[in-house]
Amino acid sequence: MILPPAILAILGGGQLGRFFVAVAHEMGYAVWVLDPDAESPAGRVADRHIVASYDDHNALAAIVSHCAAVTTEFENVPATTLAFLEARMPVSPSAEAVAVCQNRITEKNFLRAHGFPHGNFAIIQSAADIPALDNSLFPGILKVACFGYDGKGQAIVNTAKETLAAYKTFKGKMVVLEKKLTLDCEISVILARDRSGNVRSFPVAENQHTNGILDVSIAPARVSVQLAEEARLIAAHIAAKLAYVGVLAVEFFVSSGRLLVNEMAPRPHNSGHYTLDACTLSQYEQQVRAMCGLPLHEPRAHSASVMVNLLGDCWFAANGKAREPDWNALYAVPNLTLRLYGKRHARHGRKMGHFTVVGARLEDVLPVALAARQAMGITIAIA
(Lines give C-alpha, C1' and ligand atoms only; values in the text may rest on other atoms or scores of the structure.)
Protein backbone atom coordinates (compact mmCIF):
# COMPACT_ATOMS: atom_id res chain seq x y z
CA MET A 1 0.00 0.00 0.00
CA ILE A 2 1.00 3.58 -0.68
CA LEU A 3 -0.07 5.62 2.33
CA PRO A 4 -0.26 9.34 3.15
CA PRO A 5 1.62 11.64 3.07
CA ALA A 6 3.03 10.16 -0.15
CA ILE A 7 3.09 12.28 -3.30
CA LEU A 8 0.86 11.09 -6.14
CA ALA A 9 1.20 12.26 -9.75
CA ILE A 10 -1.52 12.71 -12.33
CA LEU A 11 -0.97 13.30 -16.04
CA GLY A 12 -3.50 15.83 -17.25
CA GLY A 13 -4.82 18.94 -15.59
CA GLY A 14 -8.49 19.18 -16.55
CA GLN A 15 -11.56 19.04 -14.35
CA LEU A 16 -11.27 15.29 -13.77
CA GLY A 17 -7.77 15.90 -12.42
CA ARG A 18 -9.05 18.79 -10.29
CA PHE A 19 -11.54 16.49 -8.54
CA PHE A 20 -8.81 13.88 -8.11
CA VAL A 21 -6.52 16.43 -6.45
CA ALA A 22 -9.26 17.55 -4.07
CA VAL A 23 -10.12 14.00 -2.99
CA ALA A 24 -6.47 12.94 -2.68
CA HIS A 25 -5.81 15.97 -0.46
CA GLU A 26 -8.74 15.01 1.76
CA MET A 27 -7.26 11.51 2.05
CA GLY A 28 -3.91 12.95 3.17
CA TYR A 29 -1.85 12.76 -0.03
CA ALA A 30 0.08 15.46 -1.86
CA VAL A 31 -0.41 15.68 -5.63
CA TRP A 32 1.73 16.79 -8.53
CA VAL A 33 0.09 17.57 -11.86
CA LEU A 34 1.83 17.39 -15.23
CA ASP A 35 0.06 19.49 -17.84
CA PRO A 36 1.40 21.88 -20.49
CA ASP A 37 -1.35 24.45 -19.78
CA ALA A 38 -0.15 26.91 -17.14
CA GLU A 39 -3.80 27.63 -16.22
CA SER A 40 -5.04 24.06 -16.07
CA PRO A 41 -7.82 23.56 -13.48
CA ALA A 42 -6.01 20.74 -11.66
CA GLY A 43 -2.64 22.46 -11.79
CA ARG A 44 -4.06 25.48 -10.00
CA VAL A 45 -4.98 23.42 -6.91
CA ALA A 46 -2.10 20.90 -6.92
CA ASP A 47 0.88 20.92 -4.56
CA ARG A 48 3.05 21.28 -7.63
CA HIS A 49 2.13 21.93 -11.23
CA ILE A 50 4.80 20.89 -13.73
CA VAL A 51 4.12 22.94 -16.85
CA ALA A 52 5.65 20.77 -19.54
CA SER A 53 4.73 18.42 -22.35
CA TYR A 54 3.86 14.83 -21.51
CA ASP A 55 7.07 13.55 -23.05
CA ASP A 56 9.39 16.08 -21.39
CA HIS A 57 12.29 14.06 -20.00
CA ASN A 58 13.08 16.40 -17.10
CA ALA A 59 9.44 16.48 -16.02
CA LEU A 60 9.18 12.69 -16.08
CA ALA A 61 12.48 12.34 -14.22
CA ALA A 62 11.17 14.65 -11.48
CA ILE A 63 8.02 12.53 -11.12
CA VAL A 64 10.08 9.34 -10.87
CA SER A 65 12.30 10.92 -8.21
CA HIS A 66 9.59 12.35 -5.98
CA CYS A 67 6.25 10.61 -6.58
CA ALA A 68 5.06 7.24 -5.33
CA ALA A 69 2.56 6.41 -8.11
CA VAL A 70 1.10 7.85 -11.32
CA THR A 71 -2.34 7.92 -12.90
CA THR A 72 -3.98 9.80 -15.80
CA GLU A 73 -7.04 11.96 -16.23
CA PHE A 74 -7.39 11.66 -20.00
CA GLU A 75 -6.59 8.97 -22.54
CA ASN A 76 -4.44 10.95 -24.95
CA VAL A 77 -1.30 10.89 -22.81
CA PRO A 78 1.31 9.18 -25.04
CA ALA A 79 1.51 5.48 -24.26
CA THR A 80 5.29 5.79 -24.56
CA THR A 81 5.26 8.20 -21.61
CA LEU A 82 3.28 5.74 -19.53
CA ALA A 83 5.62 2.92 -20.55
CA PHE A 84 8.66 4.99 -19.50
CA LEU A 85 7.13 5.65 -16.08
CA GLU A 86 5.82 2.09 -15.75
CA ALA A 87 9.35 0.72 -15.91
CA ARG A 88 10.28 2.83 -12.89
CA MET A 89 7.22 3.15 -10.63
CA PRO A 90 3.58 2.03 -10.16
CA VAL A 91 1.39 3.35 -13.01
CA SER A 92 -2.33 2.80 -13.30
CA PRO A 93 -3.85 2.20 -15.72
CA SER A 94 -1.05 0.50 -17.64
CA ALA A 95 0.43 1.82 -20.85
CA GLU A 96 -0.94 -1.24 -22.67
CA ALA A 97 -4.51 -0.66 -21.45
CA VAL A 98 -4.43 3.03 -22.33
CA ALA A 99 -3.05 2.23 -25.80
CA VAL A 100 -6.13 0.09 -26.49
CA CYS A 101 -8.55 2.79 -25.38
CA GLN A 102 -6.90 5.76 -27.08
CA ASN A 103 -7.19 4.40 -30.63
CA ARG A 104 -10.63 3.52 -32.03
CA ILE A 105 -9.18 0.95 -34.40
CA THR A 106 -7.30 -0.85 -31.64
CA GLU A 107 -10.36 -0.57 -29.40
CA LYS A 108 -12.75 -2.00 -32.02
CA ASN A 109 -10.39 -4.85 -32.82
CA PHE A 110 -10.07 -5.58 -29.08
CA LEU A 111 -13.85 -5.79 -28.71
CA ARG A 112 -14.16 -8.04 -31.76
CA ALA A 113 -11.26 -10.30 -30.77
CA HIS A 114 -12.74 -10.94 -27.32
CA GLY A 115 -16.33 -11.35 -28.44
CA PHE A 116 -17.78 -8.28 -26.75
CA PRO A 117 -21.01 -7.00 -28.35
CA HIS A 118 -20.46 -4.02 -30.64
CA GLY A 119 -21.93 -2.38 -33.71
CA ASN A 120 -20.78 -3.09 -37.24
CA PHE A 121 -17.75 -1.13 -38.38
CA ALA A 122 -15.08 -0.90 -41.05
CA ILE A 123 -11.53 0.42 -40.84
CA ILE A 124 -10.50 2.90 -43.51
CA GLN A 125 -6.74 3.26 -43.92
CA SER A 126 -6.82 5.09 -47.24
CA ALA A 127 -9.26 6.48 -49.81
CA ALA A 128 -8.81 3.26 -51.78
CA ASP A 129 -10.74 1.36 -49.09
CA ILE A 130 -13.91 3.39 -49.54
CA PRO A 131 -15.36 1.97 -52.80
CA ALA A 132 -15.33 -1.53 -51.30
CA LEU A 133 -17.36 -0.56 -48.22
CA ASP A 134 -20.42 -2.70 -47.49
CA ASN A 135 -23.59 -0.70 -48.15
CA SER A 136 -25.09 -2.09 -44.95
CA LEU A 137 -22.82 0.31 -43.02
CA PHE A 138 -24.80 3.29 -44.31
CA PRO A 139 -25.97 5.55 -42.88
CA GLY A 140 -22.84 5.62 -40.77
CA ILE A 141 -20.63 7.79 -38.62
CA LEU A 142 -17.06 8.38 -39.76
CA LYS A 143 -14.71 8.86 -36.78
CA VAL A 144 -11.00 9.60 -36.64
CA ALA A 145 -9.05 6.84 -34.91
CA CYS A 146 -7.23 9.12 -32.47
CA PHE A 147 -7.81 12.39 -30.61
CA GLY A 148 -11.53 12.62 -31.30
CA TYR A 149 -13.79 13.58 -28.39
CA ASP A 150 -17.05 15.41 -27.63
CA GLY A 151 -18.25 14.94 -31.20
CA LYS A 152 -15.04 16.31 -32.75
CA GLY A 153 -13.44 14.39 -35.62
CA GLN A 154 -16.75 12.87 -36.70
CA ALA A 155 -19.06 13.08 -39.69
CA ILE A 156 -22.39 11.45 -40.55
CA VAL A 157 -22.28 9.87 -44.00
CA ASN A 158 -24.97 8.20 -46.10
CA THR A 159 -23.04 6.98 -49.14
CA ALA A 160 -19.55 6.04 -50.23
CA LYS A 161 -19.35 9.38 -52.06
CA GLU A 162 -20.11 11.30 -48.87
CA THR A 163 -17.61 9.12 -47.03
CA LEU A 164 -14.86 10.03 -49.47
CA ALA A 165 -15.65 13.75 -49.14
CA ALA A 166 -15.61 13.55 -45.34
CA TYR A 167 -12.47 11.43 -45.34
CA LYS A 168 -10.62 14.12 -47.28
CA THR A 169 -11.42 16.67 -44.55
CA PHE A 170 -9.61 14.42 -42.05
CA LYS A 171 -6.44 14.87 -44.13
CA GLY A 172 -5.22 11.32 -44.37
CA LYS A 173 -5.92 10.25 -40.78
CA MET A 174 -6.98 6.66 -40.25
CA VAL A 175 -10.69 6.48 -39.55
CA VAL A 176 -13.42 4.05 -38.56
CA LEU A 177 -16.84 3.91 -40.19
CA GLU A 178 -19.49 2.80 -37.71
CA LYS A 179 -23.00 1.80 -38.62
CA LYS A 180 -25.43 4.42 -37.31
CA LEU A 181 -27.80 2.68 -34.92
CA THR A 182 -31.36 3.30 -33.82
CA LEU A 183 -30.96 3.80 -30.09
CA ASP A 184 -33.27 3.12 -27.18
CA CYS A 185 -30.82 5.02 -24.96
CA GLU A 186 -27.15 5.29 -24.02
CA ILE A 187 -25.75 4.14 -20.68
CA SER A 188 -22.37 3.95 -18.99
CA VAL A 189 -20.73 1.80 -16.35
CA ILE A 190 -17.95 3.20 -14.19
CA LEU A 191 -15.93 0.67 -12.25
CA ALA A 192 -12.72 0.37 -10.32
CA ARG A 193 -10.42 -2.65 -10.48
CA ASP A 194 -7.42 -3.31 -8.23
CA ARG A 195 -4.23 -5.27 -8.82
CA SER A 196 -5.79 -8.42 -7.32
CA GLY A 197 -8.64 -8.32 -9.84
CA ASN A 198 -11.32 -7.11 -7.43
CA VAL A 199 -13.97 -5.02 -9.20
CA ARG A 200 -16.42 -2.52 -7.75
CA SER A 201 -19.02 -0.86 -10.00
CA PHE A 202 -21.06 2.27 -9.54
CA PRO A 203 -24.78 2.38 -10.40
CA VAL A 204 -25.37 2.48 -14.16
CA ALA A 205 -25.99 5.97 -15.56
CA GLU A 206 -28.21 6.92 -18.49
CA ASN A 207 -26.67 9.57 -20.71
CA GLN A 208 -28.12 12.02 -23.19
CA HIS A 209 -25.89 14.00 -25.55
CA THR A 210 -26.29 17.22 -27.50
CA ASN A 211 -24.02 17.81 -30.51
CA GLY A 212 -21.83 14.90 -29.40
CA ILE A 213 -21.22 16.34 -25.90
CA LEU A 214 -22.69 14.82 -22.76
CA ASP A 215 -25.62 16.97 -21.66
CA VAL A 216 -27.45 15.07 -18.90
CA SER A 217 -26.67 11.95 -16.85
CA ILE A 218 -29.46 10.19 -14.97
CA ALA A 219 -28.65 7.73 -12.21
CA PRO A 220 -29.91 5.14 -11.79
CA ALA A 221 -30.44 4.59 -15.51
CA ARG A 222 -34.05 4.03 -16.57
CA VAL A 223 -33.38 0.50 -17.79
CA SER A 224 -34.30 -2.91 -16.40
CA VAL A 225 -32.38 -4.39 -13.49
CA GLN A 226 -31.34 -7.25 -15.78
CA LEU A 227 -29.94 -4.94 -18.48
CA ALA A 228 -28.04 -2.86 -15.92
CA GLU A 229 -26.50 -5.98 -14.40
CA GLU A 230 -25.55 -7.29 -17.86
CA ALA A 231 -23.78 -3.98 -18.59
CA ARG A 232 -21.86 -4.21 -15.31
CA LEU A 233 -20.78 -7.78 -16.08
CA ILE A 234 -19.60 -6.89 -19.61
CA ALA A 235 -17.66 -3.90 -18.25
CA ALA A 236 -16.02 -6.09 -15.60
CA HIS A 237 -15.01 -8.66 -18.24
CA ILE A 238 -13.51 -5.89 -20.38
CA ALA A 239 -11.47 -4.67 -17.39
CA ALA A 240 -10.25 -8.23 -16.77
CA LYS A 241 -9.17 -8.72 -20.40
CA LEU A 242 -7.25 -5.43 -20.20
CA ALA A 243 -5.67 -6.49 -16.87
CA TYR A 244 -6.91 -3.07 -15.86
CA VAL A 245 -5.98 -1.25 -12.65
CA GLY A 246 -7.79 1.99 -11.86
CA VAL A 247 -11.11 3.55 -12.82
CA LEU A 248 -12.58 2.56 -16.18
CA ALA A 249 -15.69 3.89 -17.92
CA VAL A 250 -17.47 1.74 -20.49
CA GLU A 251 -20.12 3.42 -22.64
CA PHE A 252 -22.91 1.35 -24.16
CA PHE A 253 -25.56 1.83 -26.82
CA VAL A 254 -28.88 0.16 -26.10
CA SER A 255 -30.40 -0.71 -29.48
CA SER A 256 -33.61 -2.77 -29.75
CA GLY A 257 -33.06 -3.86 -26.17
CA ARG A 258 -29.54 -5.10 -26.88
CA LEU A 259 -26.32 -3.82 -25.32
CA LEU A 260 -23.50 -2.78 -27.67
CA VAL A 261 -20.19 -1.42 -26.40
CA ASN A 262 -19.54 2.04 -27.83
CA GLU A 263 -16.17 2.94 -26.32
CA MET A 264 -14.00 2.81 -23.20
CA ALA A 265 -12.37 5.63 -21.27
CA PRO A 266 -9.33 4.67 -19.13
CA ARG A 267 -10.10 7.19 -16.39
CA PRO A 268 -12.96 8.72 -14.40
CA HIS A 269 -15.74 9.93 -16.67
CA ASN A 270 -17.97 12.94 -17.13
CA SER A 271 -21.01 10.68 -16.65
CA GLY A 272 -19.67 9.74 -13.22
CA HIS A 273 -19.70 13.26 -11.76
CA TYR A 274 -22.93 12.31 -10.02
CA THR A 275 -20.93 10.00 -7.71
CA LEU A 276 -19.61 13.10 -5.90
CA ASP A 277 -23.07 13.87 -4.53
CA ALA A 278 -25.21 10.75 -4.78
CA CYS A 279 -22.94 7.90 -3.64
CA THR A 280 -21.13 6.75 -0.52
CA LEU A 281 -17.84 7.52 -2.27
CA SER A 282 -16.89 9.09 -5.59
CA GLN A 283 -15.17 7.69 -8.66
CA TYR A 284 -12.19 9.88 -7.72
CA GLU A 285 -11.73 8.28 -4.32
CA GLN A 286 -11.83 4.88 -6.00
CA GLN A 287 -9.14 6.14 -8.40
CA VAL A 288 -6.90 7.03 -5.44
CA ARG A 289 -7.64 3.71 -3.74
CA ALA A 290 -6.85 1.64 -6.85
CA MET A 291 -3.56 3.39 -7.61
CA CYS A 292 -2.40 3.23 -3.98
CA GLY A 293 -3.36 -0.39 -3.35
CA LEU A 294 -5.98 0.53 -0.75
CA PRO A 295 -9.09 -1.67 -0.43
CA LEU A 296 -11.80 -0.68 -2.89
CA HIS A 297 -15.09 0.27 -1.29
CA GLU A 298 -18.46 -1.02 -2.51
CA PRO A 299 -20.17 2.06 -4.00
CA ARG A 300 -23.75 2.57 -2.91
CA ALA A 301 -26.11 5.26 -4.15
CA HIS A 302 -27.88 7.00 -1.27
CA SER A 303 -29.90 9.22 -3.63
CA ALA A 304 -31.30 9.33 -7.13
CA SER A 305 -29.54 12.00 -9.16
CA VAL A 306 -29.49 14.01 -12.36
CA MET A 307 -26.26 15.69 -13.49
CA VAL A 308 -26.34 18.54 -16.02
CA ASN A 309 -23.25 19.74 -17.86
CA LEU A 310 -22.66 23.47 -18.08
CA LEU A 311 -20.89 24.44 -21.29
CA GLY A 312 -19.32 27.77 -22.12
CA ASP A 313 -22.45 28.67 -24.07
CA CYS A 314 -24.09 29.59 -20.75
CA TRP A 315 -21.58 32.43 -20.38
CA PHE A 316 -22.93 34.23 -23.47
CA ALA A 317 -26.15 36.23 -23.80
CA ALA A 318 -28.49 35.83 -26.76
CA ASN A 319 -26.76 38.76 -28.47
CA GLY A 320 -23.41 36.96 -28.21
CA LYS A 321 -22.02 39.21 -25.48
CA ALA A 322 -20.03 37.48 -22.74
CA ARG A 323 -21.48 37.63 -19.23
CA GLU A 324 -21.51 35.65 -16.00
CA PRO A 325 -24.47 33.28 -15.64
CA ASP A 326 -27.09 33.98 -12.97
CA TRP A 327 -25.92 31.50 -10.36
CA ASN A 328 -28.71 32.49 -7.99
CA ALA A 329 -31.08 30.57 -10.26
CA LEU A 330 -29.20 27.40 -9.27
CA TYR A 331 -28.32 28.19 -5.66
CA ALA A 332 -32.01 28.75 -4.95
CA VAL A 333 -32.87 25.15 -5.91
CA PRO A 334 -33.03 22.71 -2.96
CA ASN A 335 -30.76 19.65 -3.15
CA LEU A 336 -28.78 21.11 -6.08
CA THR A 337 -24.97 21.23 -5.92
CA LEU A 338 -23.10 23.47 -8.37
CA ARG A 339 -19.49 22.66 -9.21
CA LEU A 340 -17.42 25.01 -11.38
CA TYR A 341 -14.08 23.91 -12.80
CA GLY A 342 -12.05 27.09 -12.42
CA LYS A 343 -11.39 27.55 -16.13
CA ARG A 344 -10.32 31.09 -16.93
CA HIS A 345 -12.04 31.48 -20.29
CA ALA A 346 -15.48 30.33 -21.43
CA ARG A 347 -15.88 29.11 -25.00
CA HIS A 348 -18.85 27.64 -26.81
CA GLY A 349 -18.85 23.88 -26.28
CA ARG A 350 -16.23 23.98 -23.50
CA LYS A 351 -17.10 22.15 -20.28
CA MET A 352 -17.06 24.80 -17.57
CA GLY A 353 -18.93 23.08 -14.76
CA HIS A 354 -21.91 20.97 -13.85
CA PHE A 355 -24.67 20.72 -11.32
CA THR A 356 -26.30 17.72 -9.73
CA VAL A 357 -29.74 17.45 -8.19
CA VAL A 358 -30.34 14.60 -5.74
CA GLY A 359 -33.42 13.21 -4.03
CA ALA A 360 -35.21 10.10 -2.88
CA ARG A 361 -37.06 9.43 -6.14
CA LEU A 362 -35.87 9.94 -9.71
CA GLU A 363 -39.35 11.00 -10.83
CA ASP A 364 -39.10 13.95 -8.42
CA VAL A 365 -35.47 14.83 -9.17
CA LEU A 366 -35.62 14.84 -12.98
CA PRO A 367 -38.15 17.69 -13.48
CA VAL A 368 -36.29 19.85 -10.95
CA ALA A 369 -32.98 19.33 -12.75
CA LEU A 370 -34.48 20.01 -16.17
CA ALA A 371 -36.13 23.21 -14.91
CA ALA A 372 -32.77 24.37 -13.50
CA ARG A 373 -31.15 23.45 -16.80
CA GLN A 374 -33.66 25.63 -18.65
CA ALA A 375 -33.03 28.50 -16.22
CA MET A 376 -29.40 28.39 -17.41
CA GLY A 377 -30.58 28.95 -20.96
CA ILE A 378 -30.24 25.32 -22.09
CA THR A 379 -33.44 24.81 -24.05
CA ILE A 380 -32.83 21.68 -26.16
CA ALA A 381 -35.42 19.08 -25.14
CA ILE A 382 -34.36 16.09 -23.08
CA ALA A 383 -36.51 12.95 -22.95
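Chemist: Any chance you could break down the pairing of strand E4 (residues 69-72) for me, citing the residues and the numbers?
Modeler: Alternating residues of E4 divide into Ala69 and Thr71 and Val70 and Thr72, and every residue in both groups is buried. Bridge count for strand E1 (residues 7-11) against E4 is 4 bridges, and the pairing is parallel. Pairing of Leu8 across the sheet is with Ala69, part of E4.

Chemist: Any chance you could break down helix H9 (residues 283-292) for me, citing the residues and the numbers?
Modeler: With 10 of its 10 residues buried, H9 lies for the most part within the structure. Taken together, the buried positions of H9 are occupied by Gln283, Tyr284, Glu285, Gln286, Gln287, Val288, Arg289, Ala290, Met291 and Cys292. A positive phi of about 75 degrees marks Gly293, the residue just after H9.

Chemist: Kindly report on the packing of helix H1 (residues 15-26) against H9, identifying the contributing residues and their values.
Modeler: Between H1 and H9, whose axes approach to 8 Å, the crossing angle comes to 70 degrees. Taken together, the axes of H1 and H9 are roughly perpendicular relative to one another. H9 is crossed by H1, and the crossing has right-handed handedness. In this structure, H1 uses Leu16, Phe19, Phe20, Val23 and Ala24 to contact H9, whose residues at the interface are Tyr284, Glu285, Gln287, Val288 and Met291. Class assignment for the residues of the contact of H1 with H9 results in 8 nonpolar, 1 polar and 1 charged.

Chemist: I'd like a rundown of the nonpolar core, residues and numbers included.
Modeler: The biggest cluster of nonpolar side chains holds 29 residues, and the ones touching the most others in it are Ile187, Ile238, Leu242, Phe252 and Met264. Elements represented by at least two residues in this core include exactly helix H4 (95-101), helix H5 (104-113), strand E9 (185-193), helix H7 (225-241), strand E13 (246-255) and strand E14 (258-265). In terms of residues, this core owes the most to one element, H7, which gives 7 residues. Of all hydrophobic cores here, the second largest spans 25 residues; its members include Val216, Phe355, Ile378 and Ile382.

Chemist: Kindly report on the pattern of salt bridges, identifying the contributing residues and their values.
Modeler: Close approach of charged atoms allows side chains of opposite charge to pair. Using the criterion set out here, one finds 12 salt bridges in the structure. For the salt bridge of Lys143 with Glu178, the shortest nitrogen-to-oxygen distance reads 3.0 Å. On the criterion of sequence distance, the pair formed by Lys143 in strand E6 (residues 140-144) and Glu178 in strand E8 (residues 175-179) is long-range, its members being 35 residues apart. Arg222 is the salt-bridge partner of Glu206, the closest N and O atoms lying 2.9 Å from each other.

Chemist: Before we move on, can you summarise the side chain of Lys351 with the specific residues and values?
Modeler: Note that Lys351 resides in strand E17 (residues 351-359). Accessibility expressed as a relative area gives 15% for Lys351, which makes it buried.

Chemist: I'd like a description of the sheet that holds strand E5 (residues 121-124), backed by residues and values.
Modeler: Pairing is antiparallel across the open sheet formed by 4 strands, whose spatial order is E5-E8-E6-E7. The strands lining the two open edges of the sheet, one partner per strand, are E5 and strand E7 (154-157). Sheet twist, expressed as the average angle between the axes of neighbouring strands with direction ignored, equals 20 degrees. Note that E6 and E8 share 5 bridges and pair antiparallel. If you follow Ile141 over to E8, its bridge partner there is Glu178. Packed on one face of the sheet, H5 meets E5, E6, E7 and E8 and runs near 50 degrees to E8. Sitting on the sheet, helix H6 (residues 160-169) is in contact with E5, E6, E7 and E8, with an inclination near 165 degrees to E7.

Chemist: Tell me about the environment of Glu86, and please be specific about residues and values.
Modeler: Tracing the chain through its elements places Glu86 in helix H3 (residues 79-86). A C-alpha to C-alpha distance of 31 Å links Glu86 and His118, two positions 32 residues apart in sequence.

Chemist: Tell me what's going on with the sheet that holds E4, and back it up with residues and numbers.
Modeler: Think of a sheet as strands paired side by side through backbone hydrogen bonds, with each pair either parallel or antiparallel. Sheet architecture is open: 4 strands sit in the order E3-E2-E1-E4, paired in parallel fashion. If you trace the sheet from one side to the other, it starts and ends with strand E3 (48-50) and E4, each paired once. With strand direction ignored, the average angle separating the axes of adjacent strands in the sheet is 25 degrees. As judged from the 3 bridges shared by strand E2 (residues 30-34) and E3, these two strands associate in the parallel manner. Its bridge partner lying in E3, Trp32 is registered against Arg48. With respect to the sheet, helix H2 (residues 57-66) is in contact with E1, E2, E3 and E4, its orientation differing from that of E2 by roughly 165 degrees.

Chemist: Give a detailed account of the packing of H2 against H3, specifying residues and quantitative values.
Modeler: Their axes nearest at 10 Å, the elements H2 and H3 cross at an angle of 35 degrees. Crossing angle aside, the handedness with which H2 passes H3 is right-handed. Contacts between H2 and H3 involve His57, Leu60, Ile63 and Val64 from the former and Thr81, Phe84 and Leu85 from the latter. Residue classes in the contact of H2 with H3 are distributed as 5 nonpolar, 2 polar and no charged.

Conventions and cut-offs
- Residues numbered from 1 in each chain as written.
- Predicted model: local features only at pLDDT ≥ 70, side-chain atom pairs only at ≥ 80, totals over all residues.
- Heavy atoms only, no water.
- Buried < 20%, exposed > 50% of the residue type's maximum accessible area, 1.4 Å probe, protein only.
- Helix = DSSP H or I, 4+ residues; strand = E, 2+ residues; numbered from the N terminus.
- Pairing = 2+ DSSP bridges.
- Axes fitted to C-alpha atoms, helices over the stretch in contact; angles between N-to-C directions.
- Parallel < 35°, antiparallel > 145°, perpendicular 65-115°, else oblique.
- Left-handed = near helix turned anticlockwise from the far one by under 90°.
- Contact = heavy atoms within 4.5 Å.
- Nonpolar A, V, L, I, M, F, W, Y, C, P; charged D, E, K, R; others polar.
- Core = buried A, V, L, I, M, F, W, Y, C linked by side-chain atoms within 4.5 Å.
- Salt bridge = Lys/Arg side-chain N within 4 Å of Asp/Glu carboxyl O.

Don't take any of this as a statement about function, it's just geometry.
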